[in-house]
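Understanding the architecture of this molecule
Below are the chains, spelled out letter by letter.
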Amino acid sequence: MTAFAKAAQLEGLTGIELDIQMTKDGEIVVIHDERVDRTTDGIGYVRDYTYAELRKLSIETGQRRKEKIPSIQEVLDLLQAEMEAGLLLNIELKNSVIPCPGMEEKIMELTARRNLRDQVIYSSFYTMSLQKIRDMDADTSVGVLDTKVSDCFYKQRGCFGTGSAQVEKRGQEQILRTALHPFWKGMDFTKEQLQGQTVRAWFGGHLYPEKPTGTRLALGKLEEMGITDVFLNEPERYLP
């Protein structure tokens, strides 16, 4: 929660990315890994814990105070005002390895109830999950996750592009609301081939509990590759 709070206060930040999963009793929690081993003092899969059990686990911060695995409700409570002021929230549905039946309906109902629909981007490696989200709301923004940008592109076209009922009804606007989210080393299309696309690249490594690198990426070179946005663990290195 400390990281989200600090990120939300950075001037010039476009948005924040997080991952969601479901507990054994159906609560949506914010955690990256399918297992709790790496980031907490617990062992096992998130899906095998109830929400109350997960709350008993601790996350070391290097400080006297320890963190807990937050629910998505807690994070939205924290970010609501900033999102209403324009901050975007990319919610990755972590369901490509372990299914989370009903998570799409729950998260969309929650963001709609908070009037945050236009500030949320849903992403997933499991394209059927994104299709389900689009079936519920044709105008929702989604991001197709994969390693290579070509795979993102063809998934975009296959599920949301030419020939689909979505495009017949909504046209090119649907594609513009479907971003490509490749690994930055998976840019196997040219910038010209990606003209008009939103390409948000993700990076591997340097996850908690690793220390910050203190280095800066050459964003200009990434832009030359056709990347329009980046997911970074150290955004403060790039903002005034």
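A brief structural summary. The structure displayed is predicted, hence computed values, not measured ones. (Residues numbered from 1 in each chain as written. Predicted model: local features only at pLDDT ≥ 70, side-chain atom pairs only at ≥ 80, totals over all residues. Heavy atoms only, no water.)

On to the pairing of strand β1 (residues 15-22), then. Along β1, six of the eight residues are buried, which leaves the element largely enclosed by surrounding structure. Here β1 runs beside strand β3 (residues 88-93); their pairing, made up of six bridges, is parallel. Bridge assignment links E17 to a residue of β3, and that residue is N90. In the sheet, β1 pairs with strand β2 (residues 28-30) via three bridges, with the strands oriented antiparallel. Considered in β2, the bridge of M22 is made with I28. Following β1, the chain reverses through five residues before pairing antiparallel with β2; G26 in that reversal takes a positive phi of roughly 85 degrees. (Buried < 20%, exposed > 50% of the residue type's maximum accessible area, 1.4 Å probe, protein only. Helix = DSSP H or I, 4+ residues; strand = E, 2+ residues; numbered from the N terminus. Pairing = 2+ DSSP bridges.)

This paragraph deals with the pairing of strand β5 (residues 141-145). Among the five residues in β5, five count as buried, and that is most of the element. In this sheet, β5 lies alongside strand β4 (residues 120-124) in parallel orientation, the contact comprising four bridges. If you follow S123 over to β5, its bridge partner there is G143. Crossover β4 to β5 through helix α5 (residues 127-136) is right-handed. Alignment of β5 against strand β6 (residues 178-181), held across four bridges, turns out to be parallel. Looking at the pairing, L145 lines up with H181 of β6. (Right-handed = clockwise from strand over helix to strand, strands pointing away.)

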